[in-house]
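The residues making up each chain are set out below.
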Amino acid sequence: MTVHLDARGLTIDNALGKPGVPLAIHFDGDGIVHVQSGAAGASTALVLDPHRQPSQAPVKVTEDAHAITLSSGRFSATWNKDSGLLNVDDAGDRHLLTLYPIALSDGTISFMHGVDDAMYGIHGFNATEAASAGLLRQGDQIAKAGEQGHAGAPFVWSTAGYGVLLDTDSNVEFREVPPGSKPAADPRFARLDIEEKATTANMKSKLDFYILLGPPPRLFDALTRLSGRTPLFPKWAMGFTNSQWGIDQKELLQIVDTYRAKHIPIDNITLDFDWKAWSEDWGEFRWNATKFPDGPDGKLKAELDGKGIHLTGIMKPRVHVDTVEGRYATAHDLWRPGQAASPDYFSHKPVKDIDFDKPAARAWFFNDALKKSFATGIVGWWNDEADNTPSNTQFTNMQRALYDGQRSISNHRVWSINRNFWLGAQRYAYGMWSGDIATGFASMEGQRARMLSAIDVGAMQWGMDGGGFNNGTPTPENYARWIEFGAFTPIFRVHGEFGQKRQPWVYGPIAEKAAADAIRLRYTLIPYIYSYEQTRRASGVGLVRPLMFDWPHDANVRNDVDAWMFGEGLLVSPVVKQGQTSKDIYLPSGTWTDWFSGKVYAGGQTIHYAVDSKNWGDIPLFVRAGAIIPTQPVEDHVGEHPLTELTVEMFPAADRSTFDYYDDNGIDYDYEHGQYFSQTLAVQRVGDTVTVETGAASGSYKPALKFYLLKVHGGAASKVSGDGTLAAFASMDALQHASGEGWTTGKDRFGTFTYIRVTAATARHIALTLGH
């Protein structure tokens, strides 16, 4: 046995007991251990980003007669020469897991972990299966992309501080072995075996996987360093989307005009089959000129642009066989192999599916007909039904074709939703939705676990058919509560099956008011929401995160789907039961303030929360102590008016908290070249002194923003001091009518507060002395 050391780790010849089969263990950055057995080679799986750059973080290597230890600043990995075991520990020598390299020779990753470790990841739930298992992953599990709203990844992780990611696009089986089984009989430890369900005979000859280390946010940062960062969605996608099947141009304009007349905000109408000339030559890719006469020449786009509305359209993986494009697909072998033609359920004419795993198919799919449809108004992609295949990457590659195609002709950002997810898809502006779900409270309630489990495998851009797709029309109460739920998801949209309407005014005045208020609240939070686009891109953790991301050691939130964090500052627990008059909500440690009433709750307890069962207008929403929440006036659509003054709600706590406010033009990819604006806002309270800071701005983008109106809750200041001169004003009205900086005090539902108006894009340090 020979050991070769290098700057990042070691390679051991014959470590697995097989001649010529090496074992390589390297640190790929602090917190990532890369393990390879068998013949090394470049990755071919889409799960990893082909453009990633391995980290050159320093690794300390120590060796004695019995072991070789690799250590970084936070973790160590020790290979025992005698037993062949690989032990992974944190910097405090807390044992995390033990890997049995000898098992790798049989194509199995076998490791021991704490018997009480909470395990997550692997897969979510499809549209029709029960989601009662929640977020924890116990017993035998299969990672796959799946059908109808299913999300999967060859990734399992634990709040104990580790995860394991396989470099594969094959299905992966995760098998729990009962405690006490060999090779470890210690009841404190459990064994988990991971096996790639290889599709080719030679895949078992090597295994390539990563051990990720750290608390949940660090795990997901490492995960996206390996599998790829997400591009930003367009800013309009932070708003509200109304999808509809069964519509023409006249009704479309009536719907848009009604939203605008009622000042119910909306940014996107998504069209189903209706927009296409389905079954005609190139009909899968071009406008239906009968239903949308002003679509093909761009007149409809121009009219809707003036109303602040974007159009997005459905795309299918199938093409009609007896058409110009169908014959082209036959001649160039673009079909899925072994698939016979069958009647389409909509046109009743023969169709087959394109095989998007073929590069030639992807290159062809964004063809001249589709380019014209994009140029004349279809600016986003609702990809449907590419999940009926054994390939985990068919859906990924369908959207990859559209992403690469659009980026080749336009600098406008790509938007999409897709009906399943496999890790790596996020690189292609890939959102997902939960499939063709039923109406009703039971279905709505199950969407919570579907969303949070999808996020647990890296599908951070998630949405659903608000109101439910099939099974008829939701009741007014169900619709109202569904809109309130959807307002606190990453992708906020409604949809129904053919002929179903999901506009708020369809469900009566009580439901309309509740729904409209929830939509308007969403639009108030657009600056907060959009800042988390950049947070997700930079850190891998998005707008919505399960509670165990922030409280990994709180047993009460291990399988909690009733509430989640909406950004770092807000906890939401939507009402999902019919006629509910109260609900019990667990609030983790900290101090929480009801967004609507201002009532303050101590965390670490379950509260009994009253619910309005008559008007349905209340949303259990709580502000975390330390929260910094930028807001803006409600607009009919995102970007309707230049944002010159940003109101920032600040809830200072004893620990210093920060928020990275982010903005750019919201339209194109110039942010990739430095065209963005970012500024860190910070607040802290120590006794009767509150410190507020605005950091130096970064990026070359110059927004319309002139001032921050910092609303510091928790007391009225008697004195405000710091760098620069801030004049005191007698009232908020006087401050607003002034031309520059200043401060005043006031009172709202949260109690007394201090307003500070400061110039944006400048670094400031301000101290508030609270009065008595």
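That block above? That's the structure.
Caption draft 1: Region of interest: the overall build of the protein chain. Each helix and strand counted, the protein chain has 12 helices and 47 strands in total. Here the protein chain has a C-alpha radius of gyration of 27 Å; the compact-globule value for 772 residues is 28 Å, and the two agree. Reported as C-alpha extents along the three principal axes, the dimensions of the protein chain are approximately 80 × 75 × 50 Å. By the burial criterion, 61% of the 772 residues in the protein chain qualify as buried.

Caption draft 2: Structural view of the nonpolar core. By size, the foremost hydrophobic cluster in this structure holds 226 residues, and its most contacted members are Ile-194, Phe-209, Phe-488 and Tyr-708. Here the element with the most residues in this core is helix H10 (residues 508-524); it accounts for eight residues. Membership of the second largest hydrophobic core comes to five residues, among which are Leu-709, Leu-735, Phe-753 and Tyr-755.

Caption draft 3: A look at the pattern of salt bridges. Under the defined criterion, the tally for this structure stands at 47 salt bridges. Of the charged contacts, one joins Arg-685 and Asp-688 as a salt bridge, the two residues approaching to 3.8 Å between their closest N and O atoms.

Caption draft 4: Quick look at the packing of aromatic side chains. Counted according to the given criterion, the structure contains 48 aromatic pairs. Aromatic side chains Phe-111 and Tyr-162 sit 6.3 Å apart centroid to centroid with 85° between the ring planes, which places their arrangement in the edge-to-face category. Of the two residues, Phe-111 is situated in strand E10 (residues 108-114) and Tyr-162 in strand E14 (residues 162-166); the sequence distance between them amounts to 51 residues. Phe-111 gets classed as buried once you look at its relative accessible area, which sits at 1%.

Caption draft 5: How the structure looks around the sheet that holds strand E31 (residues 564-566). In spatial order, the strands read E30-E31-E32-E37-E34-E35; together these six strands make up an open sheet with antiparallel pairing. At either end of the open sheet lies a strand with only one pairing partner, and these are strand E30 (544-546) and strand E35 (600-602). The average angle at which neighbouring strand axes cross in this sheet is 35°, direction not considered. Sheet topology note: the strand E34 (residues 591-594)/E35 ladder contains three bridges and is antiparallel. By the bridge assignment, Thr-591 is partnered in E35 with Ala-602.

Caption draft 6: Expanded view of the pairing of strand E15 (residues 172-177). Of the strand pairs in this sheet, strand E12 (residues 141-143) and E15 are connected by three bridges, and their pairing is antiparallel. The residue bridging Ala-143 from the neighbouring strand is Val-172, located in E15. Relative to strand E16 (residues 189-196), E15 runs antiparallel, the two being bridged by six bridges. When the bridges of E16 are listed, Arg-175 appears paired with Asp-193.

Caption draft 7: Local environment of the packing of helix H9 (residues 476-486) against H10. Following both chains from N to C, one finds H9 and H10 inclined at 5°, their axes separated by 9 Å at the closest point. One finds that H9 runs roughly parallel with respect to H10. The segment H9 lies against H10, with Pro-476, Tyr-479, Ala-480, Ile-483, Glu-484 and Gly-486 engaging Ala-511, Ala-514, Ala-515, Ala-518, Ile-519 and Arg-522.

Caption draft 8: Spatial organisation of the sheet that holds strand E42 (residues 689-694). With antiparallel pairing, the five strands of this open sheet are ordered in space as E40-E41-E42-E47-E44. In this open sheet, the two strands that pair with only one neighbour each are strand E40 (657-663) and strand E44 (717-722). Each strand axis lies, on average, 15° off the axis of its neighbour in the sheet, ignoring direction. Looking at chain direction, E44 and strand E47 (residues 764-770) are connected through five bridges and run antiparallel. Note that in E47 the partner of Lys-719 across the bridge is Thr-769.

Caption draft 9: Fine view of the environment of Leu-252. Mapped onto the fold, Leu-252 is located in helix H2 (residues 249-262). Its relative accessible area of 0% is what places Leu-252 among the buried residues. Separated by 382 residues in sequence, Leu-252 and Val-634 place their C-alpha atoms 23 Å apart. For Leu-252, the contacting residues outside a window of four places in its chain are Ile-247, Ile-269, Phe-292, Leu-300, Leu-304 and Leu-311.

Caption draft 10: Structural view of the pairing of strand E23 (residues 350-353). As paired elements, strand E21 (residues 318-320) and E23 share three bridges and run antiparallel to each other. Following the sheet pairing, Val-319 is matched in E23 by Lys-352. As paired elements, strand E22 (residues 342-343) and E23 share two bridges and run antiparallel to each other. Across the sheet, Ser-342 pairs through a bridge with Val-351, a residue of E23. The loop that links E22 with its antiparallel partner E23 comprises six residues; one of these, His-348, has a positive phi angle of about 65°.

Caption draft 11: Layout of H2. Under the 1.5 Å per step criterion, the end-to-end length of H2 is 20 Å for 14 residues, consistent within 8% with the ideal 20 Å. Within H2 the residues assigned to the buried category are Gln-249, Leu-252, Leu-253, Ile-255, Val-256, Tyr-259 and Arg-260. Along the axis of H2, the buried positions cluster into a sector of 160°, meaning they face one direction only. Those residues of H2 that are exposed and angled more than 90 degrees off the buried face are Lys-250 and Ala-261. Residues of H2 that are buried make contact with strand E18 (240-244), strand E19 (268-271), helix H3 (299-306) and strand E20 (310-315).

Caption draft 12: Geometry of unusual backbone geometry. Its identity is not glycine, yet His-348 carries a phi of approximately 65°, on the positive side. Summarising the element assignment, His-348 is placed in the loop between E22 and E23. A relative accessible area of 61% places His-348 in the exposed class.

Caption draft 13: Representation of the side chain of Gln-461 in the model. Structurally, the position occupied by Gln-461 is in the loop between helix H8 (441-455) and strand E28 (462-463). Not counting residues within four places of it along the chain, the set of residues in contact with Gln-461 comprises Thr-230, Pro-231, Phe-233, Tyr-430, Gly-431, Met-432, Pro-490, Ile-491, Glu-533 and Arg-536.

Caption draft 14: The environment of Val-575, seen in detail. Along the chain, Val-575 turns up in the loop between strand E32 (570-572) and strand E33 (582-587). Overall, Val-575 belongs to the buried group, its relative accessible area being 4%. When the C-alpha atoms of Val-575 and Glu-484 are compared, they prove to be 8.2 Å apart, with 91 residues separating the residues in sequence. Apart from residues lying up to four places away in sequence, Val-575 is in contact with Met-444, Arg-481, Gln-580, Lys-583, Val-611, Asp-618 and Pro-620.

Rules and cut-offs
Residues numbered from 1 in each chain as written. Predicted model: local features only at pLDDT ≥ 70, side-chain atom pairs only at ≥ 80, totals over all residues. Heavy atoms only, no water. Helix = DSSP H or I, 4+ residues; strand = E, 2+ residues; numbered from the N terminus. Rg over C-alpha atoms; globule rule 2.2 N^0.38 Å. Buried < 20%, exposed > 50% of the residue type's maximum accessible area, 1.4 Å probe, protein only. Core = buried A, V, L, I, M, F, W, Y, C linked by side-chain atoms within 4.5 Å. Salt bridge = Lys/Arg side-chain N within 4 Å of Asp/Glu carboxyl O. Phe/Tyr/Trp six-rings, centres within 6.5 Å; stacked < 30°, edge-to-face > 60°. Pairing = 2+ DSSP bridges. Axes fitted to C-alpha atoms, helices over the stretch in contact; angles between N-to-C directions. Parallel < 35°, antiparallel > 145°, perpendicular 65-115°, else oblique. Contact = heavy atoms within 4.5 Å. Expected span 1.5 Å × (residues − 1). Arc of directions from axis to C-beta.

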